[in-house]
Amino acid sequence: MNSPPAIGGNPLSDLFFYGTLRHIPLLELVMGRAADQLDFVQAELPDHAIFWAKDQAFPLILPQEGASAQGVLLRGLSSEDVARLNFYEGGFSYDLRVMTVMADGHEAFAEVYFANDGVWAHGDLWSLDAWRGQWGQITMGAAQDVMSRYGSSSAAEVAQLFPFLRARAWAQELAATPAPQELRNKMTSEDVKITGDRPGFNGFFRVKAFTARHKRFDGSTSAELPRETFMSFDVALVLPYDPVTDQVLLVEQLRLGAFNRGDPAPWVLEPIAGLVDAGELPTAAAHRETAEEAGLALDRLIDMPAVYASPGYSTEFFHCFLGLCSLSGRGQQQGGLAEENEDIRSHVISFDHAMALVDSGEVNVAPLAMMLLWLARQRPKLRVPS
């Protein structure tokens, strides 16, 4: 067996993959070409085992005497191939190390992605099939977003964005079940055809620019339309309500959308709100955000309407909930996570006071107004005599 090349020189042409890149559609996406154009064989890394990175959607590999990490050996890679792989894997705080793997009954040198020391703790043993079932589609959506940034962003920049890219991909999964079509026509997304892509914007937020045609109500096809869509996230919104004291909790914070519109009073009243993380149920996000923003534990969630914020140009979608809880003895409080630079003040006020704020226009955020009006309709059934 030949001696291994020195690390730090030209990249090796052979890499061993033990984790998510064994999923062929993901490998093809990252490499930018079809699997039949790649040279790979089944291989294993002796005395190593594969674990979930704790509380994450991907695995890591660790030494374990007597174990054998199964994977694939990808051979004959160009410098461009390795650059694409490093760009994708760099977002997970991984580095390459030269290791001896077994392939076709023979030893071979290959580079392997190992997690940087101290970045991730390990969880249970990892399973490719379990990962496919829970995270495969989400990861494919996020990876498409990641690789669209290749050549224009650094791996470090993508690393900071990756949780949000996964959340945006998860929103696509949550959208798979549509609202009823009782009054609406029976046309579907199959009746819309994207005919071309145009340059947009790809930062924390994404503006997708494209041309499209769609089926019209009379059965004809529209002209080709140039359009842009703001690619946002799914959000959980909570209006805490105490059915005994008949009080609600509202939060107040600076909103730069209002500021940039020119509003001289850009601190607004809102429901509790937060991003639905990748793989997280909206109900779980609702409980988590209520604890983070208001330090409040909810007794029960009641579904409110789930709605688009502005479907003409944005994918943003609101999962709205009424949170039943005790608000007795709570006044004005500060909240929010310091690490997210949140500066949030909560107000506990009577329901009648909240409706007066709707009437006066001080409640000028549409979701809060909608949720209070929904509560006005349901409140007689929810009240508990004090």
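Residues numbered from 1 in each chain as written. Predicted model: local features only at pLDDT ≥ 70, side-chain atom pairs only at ≥ 80, totals over all residues. Heavy atoms only, no water.

Enquirer: What should I look at first to understand the overall build of the protein chain in this one?
Expert: Secondary structure assignment for the protein chain yields eight helices and 17 strands. Based on the C-alpha atoms only, the size of the protein chain along its principal axes is roughly 80 × 55 × 40 Å. Counting across all 386 residues of the protein chain, residues that qualify as buried make up 44%. Taking the intrachain contacts of the protein chain between residues at least 6 apart in sequence as the baseline, contacts between residues at least 24 apart amount to 65%. Accessible area of the protein chain: about 20,300 Å², with a carbon and sulfur share of 51%. Of the charged side chains in the protein chain, 30 are positive and 49 negative; the average position of the first set lies 9 Å away from that of the second. (Helix = DSSP H or I, 4+ residues; strand = E, 2+ residues; numbered from the N terminus. Buried < 20%, exposed > 50% of the residue type's maximum accessible area, 1.4 Å probe, protein only. Contact = heavy atoms within 4.5 Å. Areas by Shrake-Rupley, 256 points an atom, 1.4 Å probe, with all protein chains shown as cover. Lys, Arg positive; Asp, Glu negative; His and termini not counted. Charge placed at Lys NZ, Arg CZ, Asp CG, Glu CD.)

Enquirer: Just checking my understanding: could you explain the environment of Asp352 for this structure?
Expert: Tracing the backbone through its elements, the reader meets Asp352 in helix α7 (residues 351-360). When the C-alpha atoms of Asp352 and Asp246 are compared, they prove to be 8.6 Å apart, with 106 residues separating the residues in sequence.

Enquirer: Quick question: what am I supposed to make of helix α2 (residues 79-90) here?
Expert: Because each turn of an α-helix spans 3.6 residues, side chains separated by three or four positions in sequence point in the same direction. Between its first and last C-alpha atoms α2 spans 16 Å; for twelve residues at 1.5 Å apiece the expected length is 16 Å, and the two agree. Turning to α2, its buried residues are Asp81, Val82, Arg84, Leu85, Phe87, Tyr88 and Glu89. As for α2, its buried residues are in contact with β1 (15-17), α1 (24-31), β4 (94-103), β5 (106-115), α3 (128-147) and α4 (155-174). (Expected span 1.5 Å × (residues − 1).)

Enquirer: Where do I start with the nonpolar core in this structure?
Expert: Nonpolar side chains in soluble globular proteins tend to end up buried together. Core analysis: the largest hydrophobic core is formed by 78 residues, its most contacted members being Leu85 and Tyr88. Ranked by residue count, the leading element in this core is α3, at nine residues. (Core = buried A, V, L, I, M, F, W, Y, C linked by side-chain atoms within 4.5 Å.)

Enquirer: For this particular structure, what's the right way to read the pattern of salt bridges?
Expert: Side-chain pairs of opposite charge can arise whenever the charged atoms involved come near each other. All chains considered together, the criterion is met by 16 salt bridges. Note that Arg345 is salt-bridged to Glu252, the shortest N-O span being 2.9 Å. You can see Arg345 sitting in strand β17 (residues 344-350) and its partner Glu252 sitting in strand β11 (residues 247-254), a full 93 residues away along the chain. Residues Glu289 and Arg288 are paired through a salt bridge, measuring 2.9 Å at the closest nitrogen-oxygen approach. Take Glu289: its relative accessible area is 6%, and that puts it in the buried class. Among the ionic contacts, a cluster of salt bridges with common partners joins Asp277, Glu280, Arg288, Glu289 and Glu292. (Salt bridge = Lys/Arg side-chain N within 4 Å of Asp/Glu carboxyl O.)

Enquirer: Would you mind going over the pairing of strand β2 (residues 39-53) with me for this structure?
Expert: Moving residue by residue along a regular strand, the side chains alternate between the two faces of the sheet. As paired elements, β2 and strand β3 (residues 59-75) share 13 bridges and run antiparallel to each other. Following the sheet pairing, Ala43 is matched in β3 by Gly71. In textbook terms, the turn of a hairpin is the stretch between consecutive antiparallel strands, and for β2 and β3 this stretch comprises five residues, one of which, Asp55, has a positive phi near 65°. Across two bridges, the pairing between β2 and β4 is antiparallel. Among the inter-strand pairings, Ala43 is bridged to a residue of β4, identified as Ala103. In this structure, β2 lies alongside strand β6 (residues 122-125), joined through two bridges in antiparallel fashion. Across the sheet, residue Ala53 finds its bridge partner in β6, namely His122. (Pairing = 2+ DSSP bridges.)

Enquirer: Where do I start with α1 in this structure?
Expert: Taken as a whole, α1 has its buried residues at Leu26, Leu27, Val30 and Met31. All buried residues of α1 project into a common sector of 125° when viewed along the axis, lining one side. For α1, the secondary structure elements touched by its buried residues are β3, α2 and α3. Positive phi shows up at Gly32, right after α1, with a value of about 80°. (Arc of directions from axis to C-beta.)

What is shown is where atoms sit, not what they do.
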